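Geometric and topological summary
Chain residues, written in single-letter form:
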Amino acid sequence: MGKPVRAPTDDELITAWGLLHEALRDTEPLLLRGIDPCGKDMSGPWFEVLIRLQRSPEHRLPMSRLAREVSLSSGGFTKLADRLEHRGYLRREHCPEDRRVTYAALTDDGIALAEQARAKHVALLREHVLAPLGDDGLRAFADAARLLRDEARASADAERGAAAR
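Now for a quick tour of the structure. (Residues numbered from 1 in each chain as written. Predicted model: local features only at pLDDT ≥ 70, side-chain atom pairs only at ≥ 80, totals over all residues. Heavy atoms only, no water.)

In this section: the packing of aromatic side chains. Taken as a whole and assessed by the stated rule, the structure comprises 1 aromatic pair. On the numbers, 6.3 Å between centres and 80 degrees between planes, the contact of tryptophan 46 with tyrosine 89 is edge-to-face. One end of the pair, tryptophan 46, is in helix H2 (residues 44-54); the other, tyrosine 89, is in the loop between helix H4 (74-86) and strand E2 (90-94), and 43 residues separate them in sequence. Residue tryptophan 46 shares its accessibility class with tyrosine 89, and that shared class is buried. We note arginine 60 situated over the ring of tyrosine 103; from NZ or CZ to the ring centre the distance is 3.8 Å. (Phe/Tyr/Trp six-rings, centres within 6.5 Å; stacked < 30°, edge-to-face > 60°. Helix = DSSP H or I, 4+ residues; strand = E, 2+ residues; numbered from the N terminus. Buried < 20%, exposed > 50% of the residue type's maximum accessible area, 1.4 Å probe, protein only. Lys NZ or Arg CZ within 6 Å of the ring centre and 35° of its normal.)

What follows concerns the pattern of salt bridges. All chains considered together, the criterion is met by 15 salt bridges. Residue aspartate 26 pairs with arginine 25 through a salt bridge whose shortest N-O separation is 2.8 Å. Given a relative accessible area of 44%, aspartate 26 falls into the partly exposed group. By relative accessible area, arginine 25 is classed as exposed at 53%. Residues arginine 52 and glutamate 48 are paired through a salt bridge, measuring 3.1 Å at the closest nitrogen-oxygen approach. With arginine 52 and glutamate 48 both in helix H2, this residue pair falls 4 residues apart, about one helical turn. Members of the salt-bridge network, linked through shared partners, are Glu48, Arg52, Arg65 and Glu69. (Salt bridge = Lys/Arg side-chain N within 4 Å of Asp/Glu carboxyl O.)

A few words now on a nonpolar patch on the surface. On the surface, Leu24, Leu133, Leu138 and Phe141 cluster together into a nonpolar patch covering about 330 Å² of accessible area. In terms of residue count, helix H5 (residues 108-164) provides more of the nonpolar patch than any other element does, 3 residues in total. Assessed through its relative accessible area of 48%, leucine 24 is described here as partly exposed. (Patch = residues over 30% accessible without salt bridge, like charges linked within 9 Å, V, L, I, M, F, W, Y side chains within 5 Å. Areas by Shrake-Rupley, 256 points an atom, 1.4 Å probe, with all protein chains shown as cover.)

This paragraph deals with the nonpolar core. Soluble globular proteins tend to bury their nonpolar side chains together. If you look at the biggest cluster of nonpolar residues, it comprises 29 residues, and the most contacted ones within it are Met42, Val49, Leu53, Phe77 and Leu84. When near neighbours in sequence (up to four residues on either side) are disregarded, leucine 84 contacts Trp46, Val49, Leu50, Tyr89 and Leu90. (Core = buried A, V, L, I, M, F, W, Y, C linked by side-chain atoms within 4.5 Å. Contact = heavy atoms within 4.5 Å.)

Bringing H5 into the picture now. When the terminal C-alpha atoms of H5 are compared, their 43 Å separation across 57 residues is substantially less than the 84 Å that a helix rising 1.5 Å per residue should span. The sharpest bend along H5 comes to roughly 110 degrees, located at glycine 134. Residues of H5 that are buried in the fold lie against helix H1 (10-27), H2 and strand E3 (102-106). (Expected span 1.5 Å × (residues − 1). Bend = angle between axes of the 7 residues up to and from the residue.)

Another aspect to go through is the pairing of E3. Extensive coverage of E3 is indicated by the burial of 4 of its 5 residues. Two elements, E2 and E3, share 5 bridges in a ladder whose sense is antiparallel. Its bridge partner lying in E3, arginine 91 is registered against alanine 105. (Pairing = 2+ DSSP bridges.)

For residues that are not glycine, phi is negative in most cases, and the peptide bond is trans in most cases. If you check the backbone angles, histidine 59 has positive phi at about 55 degrees while not being a glycine. Take histidine 59: it is sitting in the loop between H2 and strand E1 (60-62). On the basis of relative accessible area, histidine 59 is assigned to the partly exposed category, the value being 24%. If you check the backbone angles, serine 71 has positive phi at about 55 degrees while not being a glycine. With respect to the helices and strands, serine 71 occurs in the loop between helix H3 (63-69) and H4. Under the relative-accessibility criterion, serine 71 is labelled exposed at 66%.

Put into structure tokens, the structure is as follows:
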């Protein structure tokens, strides 16, 4: 028979959480290296916006939703959208059904940039994430991350529901 499994100590729990933060902090810059068309590193928010729009129907999302998804304030996202629009990668589209809604949509140049950035990002993910974790480790990591995300969202939704009552 196997040895009984003991619960993690408080220090082990704190260390595990700290390691997750350190791993993300130290790995993320490696995953954006050389992604910009001029060979420079791309900022995380730029990349997130491009990829989220590239993977969305019609390559567009409401600006308020996109700002939330990339964890930027509305002001911070507006500045980023202005820069993307100025470079010809993004355009703003007004919603005909609701004047309060404005969409961020990729232009043809934005789609091409997103596809190029995605291809480079995938190569870097394979090198810096898949290679050290392996296939099974990657799947286990994704399952654990999804579980934590879903639990956090459910908790936040329950708190909002309780506050609304």
